[in-house]
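What follows is each chain in one-letter form.
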Amino acid sequence: MKMLKDIVFLIGETRKHLFKVVLFLAAMEVGRIVGNEFFVRLVDIVVETIEISWLLMSGWLGVSLINWWLDAGADYNIIKLLVGVEYLVPMRSLRHLVTLSMRFFSEEGTGKLAKRIEQGADGLARLLESFCWELVSSSLQLVITTVYLTVILWQWGAILVITAVLFIALTFWLDKLKSKLRKRRYDLYELTGHLLFQILQNMAIVKAFAKEDAEVTRYEALRDEIRKLSLREFRYEVYFNVVRGSLISLTLGGIFYVGVVAISGGLLKVGSIIGAMGLATAALFSLFRLTRIFIRFMDNYEAISRVVKFLRETPDILDAPDVLEIESLTGAVEFENVHFSYATEGEEDDKDCLTNINFSVPEGKTVAIVGPSGSGKTTMINLLMRFMDPTQGTVRVGGYDIKELSQASYRKQLSVVLQDTLLFDRTLKENVTQGLDEPEYQGVGDDVWTALSQAHATDFVSALSGGKGLDTMIGEKGVKLSGGQRQRVAIAAALIRKPVVLILDEATSSLDTQSEKAIQDAMKELQRQGATTIFIIAHRLSTIREADIIMVLDEGKLVQMGSHDELLKEESGLYTKMVGVQTV
């Protein structure tokens, strides 16, 4: 029942085509029985009179022709169903994935998710193919044939029912034997997909450490385990096929014997037993197909269930029903009694990341956040971006509790540049304008060059090989650019949005001193305009000392706050020690 619910949930609005398929196939099966009845009576008349009844002949051929049209109608709706599913499952998956919180992506491997969506879409398509072209028609054929033969001779119906029960019992036994092997196999599919993604993504490291053979061996070991599991599953199926085939032979023998006894008793004619044997043979092979289809169903459902699982995943961060959509915001930022903790596996108590954080930053100021690794700097920025919500306390921007604002409209007011620069395999212009809405994207050529100039990137863009400038494809993750060039493109992408809050997480770590100085000057220009509040996570003293406010975090607590000169006066303070280490 759960499998049926999951399939209906996943196919969405395409279920109307599935309903039409069932109607067409049901009509075909009724036509097949009616056609068989015409044929049986035609045979009896030919045997008795050596003449052909053209009325029965016409009925038999007419039903056959109608069935071909019904078959065409079923096929047309099956194709519409499969094409719809091929589009729907990846789109539903991606639409849902982008709504999930960052926690989900920190726990799930990218390669695993990509493999899961691919296999889920393929698995559902294969399952529906089997359902439409085999399961529905075979089920209808088995049920209608059993009822029809029972009406003619109840012993025939009883034999078919007993055989069906034995087939079902054998099939469930086989599925039980295969279920653990199947689950492990699909786990390995995801692991191999993730591993392959990691190898290709980190090819420079693989080559730098001469680990080509080691990584291939690691991948090969997983694929070899999949091969062995698949062979073991197939071996079970082969044994069971022999048993099921033997049951079919015995059942047909029983139907023939009962028919002969009925003819000798004057209950049936020869035409009836000929028709019954033909129908029973088709029905039994349909039963054989049904049991094989069920095993394929369970195999494909393993892939489908993994997609359904994350489609039912709910985001950690949800907009309130009465959320506000904003078009503009000021850059004043306030943290009031902010705490953040999270549960850790195997621990009863939650782990505290931030404790009682209080500060208020006026619009247009530059704030540097410093502290040892693990002190809570990134957590504070994640709260400001609303990638997570505080366990306790309030984060306000522009006077609003950010929980009152829709996530989309709020984040349009922000820009962020990460230490690990993330760029798309698109043109340089598309990467710079990726944060703009589609209408804003049109005619932004001058703005692109302005943002690139502020990011000190115009020289290298003009000198890009091929002479395509902004239309240059920069490769996956910007691989065709140097580390410093990638960071400048990312900074330009942040600046073109004209954000009210700009977050720089080690954003100049890959730049030379001259480029860093030029970008710092651009930040000062933003400050002079008074429109942008800047938060910087950095370790370089040259980046930190120019900030209006420096916040020092230690073990999740805000232990110092002030300007560079003010904090240096606290000789025993953590900031003074950090500066001393850099100047040694």
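Check the entry above for the structure.
Residues numbered from 1 in each chain as written. Predicted model: local features only at pLDDT ≥ 70, side-chain atom pairs only at ≥ 80, totals over all residues. Heavy atoms only, no water.

Asker: Help me understand the overall build of the protein, please; the structure alone is not making it clear to me.
Answerer: Regarding its fold elements, the protein presents 20 helices and 10 strands. For the protein, whose C-alpha radius of gyration is 35 Å, the value lies well above the compact-globule estimate of 25 Å for 584 residues. Taken along its principal axes, the extent of the C-alpha atoms in the protein is 120 × 55 × 55 Å. Counting every position in the protein, which comprises 584 residues, the buried fraction comes to 46%. Partitioning the contacts of the protein with sequence separation of at least 6, the portion at a separation of at least 24 is 76%. Distance between charge centres in the protein, computed from 63 positive and 72 negative side chains, equals 6 Å. (Helix = DSSP H or I, 4+ residues; strand = E, 2+ residues; numbered from the N terminus. Rg over C-alpha atoms; globule rule 2.2 N^0.38 Å. Buried < 20%, exposed > 50% of the residue type's maximum accessible area, 1.4 Å probe, protein only. Contact = heavy atoms within 4.5 Å. Lys, Arg positive; Asp, Glu negative; His and termini not counted. Charge placed at Lys NZ, Arg CZ, Asp CG, Glu CD.)

Asker: Where do I start with the pairing of strand E7 (residues 501-505) in this structure?
Answerer: On any regular strand, side chains alternate: one points to one face of the sheet, the next to the other face. The element E7 is extensively covered by neighbouring structure, given that five of its five residues are classed as buried. On E7, burial covers both faces: Val 501, Ile 503 and Asp 505 on one face and Leu 502 and Leu 504 on the other are all buried. As paired strands, strand E6 (residues 414-417) and E7 are joined by four bridges and run parallel to one another. Note that in E7 the partner of Ser 415 across the bridge is Leu 502. The pairing of E7 with strand E8 (residues 533-537) spans five bridges and is parallel. Pairing of Leu 502 across the sheet is with Ile 534, part of E8. (Pairing = 2+ DSSP bridges.)

Asker: Hey, could you run me through the nonpolar core in this one?
Answerer: Within soluble globular proteins, side chains that are nonpolar tend to cluster in buried spots. Membership of the largest hydrophobic core comes to 63 residues, with the highest contact counts inside it found for Leu 10, Leu 124, Trp 156 and Phe 310. Contributions of two or more residues to this core are made by helix H1 (2-11), helix H2 (15-49), helix H3 (54-97), helix H5 (110-152), helix H6 (154-201), helix H8 (212-264) and helix H9 (270-311). Per-element accounting of this core gives the leading share, 18 residues, to H9. Val 489, Ile 536, Ala 547 and Leu 567 belong to the second-largest nonpolar core, a separate cluster that totals 39 residues. (Core = buried A, V, L, I, M, F, W, Y, C linked by side-chain atoms within 4.5 Å.)

Asker: Would you mind showing me how to read the packing of H2 against H3 here?
Answerer: How two helices sit against one another is set out by the angle between their axes and by the gap between those axes. Packing of H2 against H3 brings their axes to within 8 Å, and their N-to-C directions diverge by 160°. The orientation of H2 with respect to H3, classified from their angle, is roughly antiparallel. Read as a crossing pair, H2 and H3 show a hand that is left-handed. Looking at the contact of H2 with H3, its residues break down into 19 nonpolar, seven polar and five charged. (Axes fitted to C-alpha atoms, helices over the stretch in contact; angles between N-to-C directions. Parallel < 35°, antiparallel > 145°, perpendicular 65-115°, else oblique. Left-handed = near helix turned anticlockwise from the far one by under 90°. Nonpolar A, V, L, I, M, F, W, Y, C, P; charged D, E, K, R; others polar.)

Asker: Quick question: what am I supposed to make of unusual backbone geometry here?
Answerer: Excluding glycine, most residues fall at negative phi; most peptide bonds, likewise, are trans. Within the chain, Asn 337 stands out as a residue other than glycine whose phi angle is a positive 50°. Topologically, Asn 337 is positioned in strand E1 (residues 333-342). With relative accessibility at 36%, the residue Asn 337 sits in the partly exposed group. A positive phi angle, near 50°, is found at Glu 555, a position not held by glycine. Looking at where Glu 555 falls in the secondary structure, it is placed in the loop between strand E9 (549-554) and strand E10 (557-562). We classify Glu 555 as exposed; its relative accessible area is 67%.

Asker: I tried to follow the pairing of E1 on my own but got confused; where do I start?
Answerer: Judged from the seven bridges that link them, E1 and strand E2 (residues 351-361) form a sheet pairing that is antiparallel. Its bridge partner lying in E2, Phe 340 is registered against Leu 354. Two elements, E1 and strand E4 (residues 392-397), share five bridges in a ladder whose sense is antiparallel. Note that in E4 the partner of His 339 across the bridge is Gln 392.

Asker: I'm lost on the packing of H6 against H8 in this one. Help?
Answerer: Relative to each other, H6 and H8 sit at 170°, their axes nearing to 10 Å. Accordingly, the angle class assigned to the pair H6 and H8 is roughly antiparallel. The residue makeup of the contact of H6 with H8, split by class, is 27 nonpolar, eight polar and 12 charged.

Asker: In this structure, what is going on with the sheet that holds E1? I would like to understand it.
Answerer: Each strand in a sheet pairs with its neighbour through backbone hydrogen bonds, running either in the same direction (parallel) or in the opposite one (antiparallel). One open sheet accounts for four strands, arranged E2-E1-E4-E5; its pairing is antiparallel. Each having just a single partner strand, E2 and strand E5 (400-401) make up the two edges of the open sheet. Lying on the sheet, helix H10 (residues 377-385) is in contact with E1, E2 and E4; it crosses E1 at an angle near 115°.

Asker: Sorry, what's going on with the packing of aromatic side chains here?
Answerer: Here the distance between the centres and the angle between the planes together describe a pair of aromatic rings. Inspection of every chain in the model, using the stated rule, returns three aromatic pairs. An angle of 85° between the planes, with centres 5.1 Å apart, marks the rings of Tyr 186 and Tyr 189 as edge-to-face. Here Tyr 189 and Tyr 186 lie together in helix H6, a separation of three residues that amounts to about one turn. Each member of the pair, Tyr 186 as well as Tyr 189, is classed as buried. Centre to centre, the rings of Phe 335 and Phe 359 are 4.7 Å apart; their planes meet at 20°, and the pair counts as stacked. On the criterion of sequence distance, the pair formed by Phe 335 in strand E1 and Phe 359 in strand E2 is long-range, its members being 24 residues apart. Overall, Phe 335 belongs to the buried group, its relative accessible area being 2%. Given the relative accessible area of 6%, Phe 359 is considered buried. Arg 244 extends its terminal NZ or CZ atom over the ring of Phe 288, reaching a point 5.5 Å from the ring centre. Above the ring of Phe 424, the side-chain terminus of Arg 426 is found at 4.0 Å from the ring centroid. (Phe/Tyr/Trp six-rings, centres within 6.5 Å; stacked < 30°, edge-to-face > 60°. Lys NZ or Arg CZ within 6 Å of the ring centre and 35° of its normal.)

Asker: Would you take a moment to explain the pattern of salt bridges for this structure?
Answerer: Side chains that differ in sign of charge can pair as their charged atoms come close. In the structure shown here, the tally under the stated rule is 13 salt bridges. One salt bridge in this structure joins Asp 224 and Arg 227, with 2.6 Å as the shortest N-O distance. Residue Asp 224 and its partner Arg 227 are located together in helix H8, separated by three residues, close to a single helical turn. Judged by its relative accessible area of 27%, Asp 224 is partly exposed. With a relative accessible area of 45%, Arg 227 lands in the partly exposed category. The closest approach of N and O atoms between Lys 228 and Asp 224, which form a salt bridge, is 3.3 Å. On the criterion of helical spacing, the pair formed by Lys 228 and Asp 224 is a turn pair, its members being four residues apart in helix H8. (Salt bridge = Lys/Arg side-chain N within 4 Å of Asp/Glu carboxyl O.)

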